[in-house]
Amino acid sequence: MEQINNVGGFSAKKVDDKTLILFFGPQHPSSGHMRIIVKLDGDIIVESDPDIGYVHRTMEKLSETKEWIKNSVLFERLAILDAGNVTQAYIIALEKLLNVEPPPRALYLRTILSEINRISSHLYGMGIFAIMIGSSTGYMWFFGDREIMVQLAERITGSRLTHTYHIPGGVRRDVSNAFLEELEKGLNYIERRLKDYEVMFVNNPIIRSRLENVGVLSRERAIELGVTGPNLRASGVSYDVRVEEPYGAYQFVDFEVPVYKEGDALARTFQRFDEIRQSISILRQLIKSIPEGPVLNEKYLKLFTKKMKDIWDAEKRVKFPSIFANLRPPAGKAYGRVEEGRGEIFFYLESSGEAKPYRVRVVTPSFRNSILLKYLPVGERLADLPAIYGSIDYFPPEADR
Amino acid sequence: MGGKYVEKVVPSRNLSLLNKAKNHAEALALGAKFLVRPLRITYRYPIVKEIPDQGYRGLIVLDDNKCIGCSLCARICPASAMKMFQAGEKKLRPAVNYERCVFCGYCVDICPENALKHARTHDVVFESGESMLYIGEKFTLDPDTQILSGKVRIYRVRVDEKRGLIYEPIR
Amino acid sequence: MLDSFILFIKNIILWPPVFYLLIAPGLVTILISLLLLIWAERKIAGRIQMRYGPLEISPKIGGAIQLVADLTRYMLQEIIIPRTVDTLPYLIAPIAGFIISLLPVAAIPISPIYFPSPMTNSIIVALALTTLPPILNILAAWASNNKFSLIGGARESFLIAAYELIVILSAIGAMVIYGTSDFTEAVSLQKNLWGIILNPISAIAFYVAVLMATGRFPFEIAEAEAEIVMGAYTEYSGLLYGLSMGISYTRMFVYNVIFSLLFLGGWQPFFTIGGHIFISYVLIPATVVILKALIVSLTMVFTRAIYGRLRIDQALGGAWKFWFLVAIVGLIWGSALTYLQQVI
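Residues numbered from 1 in each chain as written. Chains lettered and ligands numbered in written order. Predicted model: local features only at pLDDT ≥ 70, side-chain atom pairs only at ≥ 80, totals over all residues. Heavy atoms only, no water.

1. Focus on a nonpolar patch on the surface
Residues and elements named next belong to chain C.
Right, on to step 1. Taken together, Phe5, Phe8, Ile9, Ile12, Ile13, Leu22, Ile23, Leu27, Val28, Leu31, Ile32 and Leu36 make up a surface patch of nonpolar side chains, about 980 Å² in accessible area.
Right, on to step 2. Those elements that place two or more of their residues in the nonpolar patch are α1 (2–14), α2 (16–23) and α3 (27–48).
Right, on to step 3. Residue classification places Ile12 among the partly exposed positions, given a relative accessible area of 38%. (Patch = residues over 30% accessible without salt bridge, like charges linked within 9 Å, V, L, I, M, F, W, Y side chains within 5 Å. Areas by Shrake-Rupley, 256 points an atom, 1.4 Å probe, with all protein chains shown as cover. Salt bridge = Lys/Arg side-chain N within 4 Å of Asp/Glu carboxyl O. Helix = DSSP H or I, 4+ residues; strand = E, 2+ residues; numbered from the N terminus. Buried < 20%, exposed > 50% of the residue type's maximum accessible area, 1.4 Å probe, protein only.)

Written as structure tokens, this is what we have:
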């Protein structure tokens, strides 16, 4: 392509007559907060250029202006549908700086919230995927049943999406046995519904024909592009932070991490369904084996006044010791990583001993997966672009930070 | 203990024509089943109201008698929604601006005298920016009493094994 | 004076061409069935999809007049005409498309003795008229001067090539059995045995081709929202958009009237009430035909809640490699039946 002329200061480029440049987003029913500039030869995509950054909120810089504990509230806005996992990664890193360990019951509660979040995040992703390939029933079903998981998360934390559940050294609330029974009911329901999803969604011949051999990501390509999460595992790479570097209560439960070889949209769909099944199994084991005890580290429990202890005994709600408003971790560096619904989230914190972080760096799974939108659609048809977009479960606000 | 990787293969790729017909029939039958016996999860919001359980992080209410004006709530507020105001001589009281509030509940949890609490109300419509500032006496009124005394039917949500969510009438 | 005026009006309304185009199965019937169909589509989808569907307007009758409210809104909405469009064809396309999609009813009888134009080849004329509206869809796509519209128009033109042949071949598959190309005669021959039992293969092919022709799921390819926004009608707003939405439903209803005449016995079972000529020969048969067409249309809108959307190459491949052959088999089946009948 050569530059042919200048029109009013803008340079115009001559485009090959056969090529159609399509601006897919940011105001498009299925683009999300991003734009994909697609070059089409007939119906075939010859070039795809994802243009991200429409919801960039300067989170890393902004966090340098806020106290340590306030940043947990900020970062859960990275991925509002998976907030528990995001804050967990931040708090794990912060705990390393502060050198505190959560007690066992807090670890279990964190993992319960993580897995509830994972199920709801996968259902959200599948719902968006379903409407992108035209299955409105899939969309409504996945979103409707996600509501059960959201309700359960609300029972634990008091908030539907922005849980803010994790604090350094533990969690903010304990759960009752009534909640655990309710969780078991919800899990039974989701498990039964998974069969319906299979009949209506994945085994539906129309949906299946849209997924088979679409957006094939080979093992080598996946490693080369640094993809993460279910997309990576659907391409045959065995990598999951829950196995590689167990956090929370994952070392106390038995679970499988499914790894599919094919790497197409169908394999990614099956990958997510299998992970929901595993999450259900993990949650069941956690319900059975959850230990009794405090949910906050001794170091902070010692600071509790009589009034705070009374509230803990009555309502099972942790009152913050006033030191939380002014945490000053010793100078140092720490990282925290967590397997989120869409992949591995990585926090790097650097403290200079002040009340505010010196530097926070976040690497989010959606950012690492966004590169797929450049390579996977090439050679596919235009109609496959939403299918690929949906199948990689891309979430723009998380990528843009 | 711990996780392990399990290699899997997508079952039944390239379905035969017969299997496709079977899957079509199954999907249509499932649709017909739900058409006859719908599994509804939505409720008619403005006419019927769902009120969350105790422990829900709704609007914040101040108990003026308990407050000692220590300013911890204003210091921990991540969104700078809570600020301290002079309420008489040597008397500081918090006020909350719902334009900024993110309902994280840090203020409620850090209050050493338990003077702040969450109401269960979460769906309030504000007519102007000024009305979003809860200061003085307005901050001490419990919005729950208003909702519970209204004319709408109040339900609470329960997770159910068969129907997912069920709505139980409170009154 | 007044009596003669009323008689004059009555005669005009009951004059077959006017009655057919305006009352049944024309404009009034189609508008009412559109109302019913779109409401039913949303209600069916709502029941399957764990929700209520329209309920806010008139909750006592299940939100049945929601579409009236929607239409009112469309009428009051400003029609925005983008600066870059080709204005005249842009305006003509949805209006003419709606009217032309009604046109086949001029050749479709809904009563054994009362019809607008006595034709011996009314099936062929009706089928020919149903092929016209897509041209205006393509015109709208071209006039809109929008890339998404253009792609939608291109997709529509690919689809026409695929479904038109199947519709016509499977209609011939039925016509061969009746040995006539006249609706009235074809229906009277179905007195004992409906066409769908005589030639189920052609009936299925016709049904699927109608799904494809009218953009029902899984063939909602030319208007695929997640891919090309709204296809050819991306640039439309207000009443023009409302009309363009109505085109596919109107076409579906008209196709299904043809389907019920060809395969579902038309106005059979036919009976008369002594002394009431108008009721016996117009109202009852018309109601029977329209009810049959509505039931078939309901099964078609039901697919929205089951399926996703096929890709254009899959739809075309399915049409040419499978349903075209099915239509041919149906044609052979029909011919074989006729041959056997003559031999035996």
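2. Thoughts on the interface of chain C and chain B
Right, on to step 1. Across the contact, twelve residues belong to chain C and 16 residues belong to chain B.
Right, on to step 2. Summed over both partners, the interface of chain C with chain B buries about 1,400 Å², with 66% contributed by carbon and sulfur atoms.
Right, on to step 3. Of all residues in chain C, the largest losses of buried area upon contact with chain B belong to C:Arg47, C:Met50 and C:Tyr52, amounting jointly to 45% of the total for that side.
Right, on to step 4. Counting every contact that joins chain C to chain B gives zero salt bridges.
Right, on to step 5. Our count for the chain C to chain B interface comes out at four residue pairs in polar contact (both at pLDDT 80 or more).
Right, on to step 6. With three residues, α3(C) is the largest single contributor of residues to the side of chain C that touches chain B. (Contact = heavy atoms within 4.5 Å. Buried area = accessible area lost by both parts, 1.4 Å probe. Polar contact = N/O pair within 3.5 Å; in protein donor to acceptor, adjacent residues only side chain to side chain.)

3. Topic: the environment of B:Ile135
All names here are of chain B.
Right, on to step 1. On the secondary structure map, Ile135 appears in the loop between β7 (133–134) and α4 (143–148).
Right, on to step 2. Residue Ile135 is classed as partly exposed on the basis of its relative accessible area, which comes to 35%.
Right, on to step 3. Taking the C-alpha atoms as reference points, Ile135 and Ile47, separated by 88 residues in sequence, lie 30 Å from one another.
Right, on to step 4. With residues near it in sequence (within four places) discarded, Ile135 still touches Phe85 and Ala95.

4. Focus on the packing of helix α2 (residues 68–75) of chain A against helix α3 (residues 83–98) of chain A
Helix-helix packing is described using two parameters, namely the angle between the two axes and the distance between the axes.
Residues and elements named next belong to chain A.
Right, on to step 1. α3 packs onto α2 with a crossing angle of 160° between their chain directions and a minimal axis gap of 9 Å. As the angle between them shows, α2 and α3 are arranged roughly antiparallel. The handedness of the crossing between α2 and α3 is right-handed. Counted together, Trp68, Asn71, Ser72 and Phe75 of α2 and Val86, Thr87, Tyr90, Ile91, Leu94 and Leu97 of α3 form the full contact between these two elements.
Right, on to step 2. Classifying every residue of the contact of α2 with α3 gives seven nonpolar, three polar and no charged. (Axes fitted to C-alpha atoms, helices over the stretch in contact; angles between N-to-C directions. Parallel < 35°, antiparallel > 145°, perpendicular 65-115°, else oblique. Left-handed = near helix turned anticlockwise from the far one by under 90°. Nonpolar A, V, L, I, M, F, W, Y, C, P; charged D, E, K, R; others polar.)

5. Thoughts on the packing of aromatic side chains
Right, on to step 1. Taken as a whole, this structure holds 36 aromatic pairs over all chains when the rule is applied.
Right, on to step 2. For the pair A:Phe75 and A:Phe347, a centre-to-centre distance of 4.9 Å together with 75° between the ring planes defines the contact as edge-to-face. Remark: A:Phe347 occurs in strand β10 (residues 343–351) and A:Phe75 occurs in helix α2; sequence separation between them is 272 residues. Side by side, A:Phe75 and A:Phe347 carry an identical accessibility label, which is buried.
Right, on to step 3. Of the aromatic side chains, those joined through ring pairs into one cluster are A:Phe129, A:Phe142, A:Tyr197, A:Phe201 and A:Phe273.
Right, on to step 4. Between the NZ or CZ atom of A:Arg221 and the centre of the ring of A:Tyr375, over which it lies, the distance is 4.5 Å.
Right, on to step 5. For B:Lys33, the ring lying beneath its charged end belongs to B:Phe34, and the centroid distance is 5.4 Å. (Phe/Tyr/Trp six-rings, centres within 6.5 Å; stacked < 30°, edge-to-face > 60°. Lys NZ or Arg CZ within 6 Å of the ring centre and 35° of its normal.)

6. What about the sheet that holds β7(B)?
Residues and elements named next belong to chain B.
Right, on to step 1. Within the open sheet, the three strands sit side by side as β4-β5-β7. Their pairing is antiparallel. A strand with exactly one partner marks an edge of an open sheet, and here the two such strands are β4 (82–86) and β7.
Right, on to step 2. The sheet contact formed by strand β5 (residues 92–97) and β7 spans two bridges and is antiparallel. Each bridged residue has a counterpart across the sheet, and for Val96 the counterpart in β7 is Tyr134. (Pairing = 2+ DSSP bridges.)

7. Here's the deal with the pairing of strand β5 (residues 44–51) of chain A
Residues and elements named next belong to chain A.
Right, on to step 1. In this structure, strand β4 (residues 35–41) lies alongside β5, joined through seven bridges in antiparallel fashion. Residue pairing for β5: Ile37 is matched across the bridge by Asp49.
Right, on to step 2. Between β4 and the antiparallel strand that follows it, β5, lie two residues; Gly42 among them carries a positive phi value of about 70°.

8. Regarding the UniProt feature "transmembrane region" (unreviewed entry) in chain C
Right, on to step 1. Per the UniProt entry, the sites bearing "transmembrane region" (unreviewed entry) are residues 20–40, 90–111, 123–145, 157–181, 193–213, 253–271, 277–302 and 322–340 of chain C in this numbering.
Right, on to step 2. Within residues 123–145 of chain C, the helical portion is 87% and the strand portion 0%, while the C-alpha atoms at the span's ends are 37 Å from each other. (UniProt positions renumbered as here; feature names shortened; annotations may be inferred.)

9. Some remarks on helix α11 (residues 200–213) of chain C
Residues three or four positions apart in an α-helix share a direction because the helix packs 3.6 residues into each turn.
All names here are of chain C.
Right, on to step 1. Taking 1.5 Å per residue as the helical rise, α11 with its 14 residues ought to reach 20 Å, and the 20 Å between its terminal C-alpha atoms agrees with that figure.
Right, on to step 2. Of all 14 residues making up α11, ten are buried, and the element is well covered by its neighbours.
Right, on to step 3. Listed as buried for α11 are Ser202, Ala203, Ala205, Phe206, Val208, Ala209, Val210, Leu211, Met212 and Ala213.
Right, on to step 4. On the buried face of α11, the contacting elements are α8 (147–178), α10 (195–198), α13 (238–262), α14 (277–302) and α15 (312–343).
Right, on to step 5. At the C-terminal side of α11, Gly215 shows a positive phi close to 65°. (Expected span 1.5 Å × (residues − 1).)

10. Digging into the sheet that holds strand β2 (residues 48–50) of chain B
Right, on to step 1. The strand order β2-β8-β9 (chain B) describes an open sheet built from three strands, whose pairing is mixed. The strands lining the two open edges of the sheet, one partner per strand, are β2 and β9 (164–169) of chain B. Averaged over all adjacent pairs, the angle separating strand axes in this sheet is 40°, with direction ignored.
Right, on to step 2. Relative to strand β8 (residues 153–160) of chain B, β2(B) runs parallel, the two being bridged by three bridges. Residue B:Lys49 lies in a different strand from β8(B), and its bridge partner there is B:Ile154.
Right, on to step 3. Strands in contact with helix α5 (residues 136–157) of chain A are β2, β8 and β9 of chain B; relative to β8(B), the strand with the most contacts, it is inclined by about 100°.
Right, on to step 4. Helix α6 (residues 177–202) of chain A contacts β8 and β9 of chain B of the sheet and is inclined by roughly 70° relative to β8(B).

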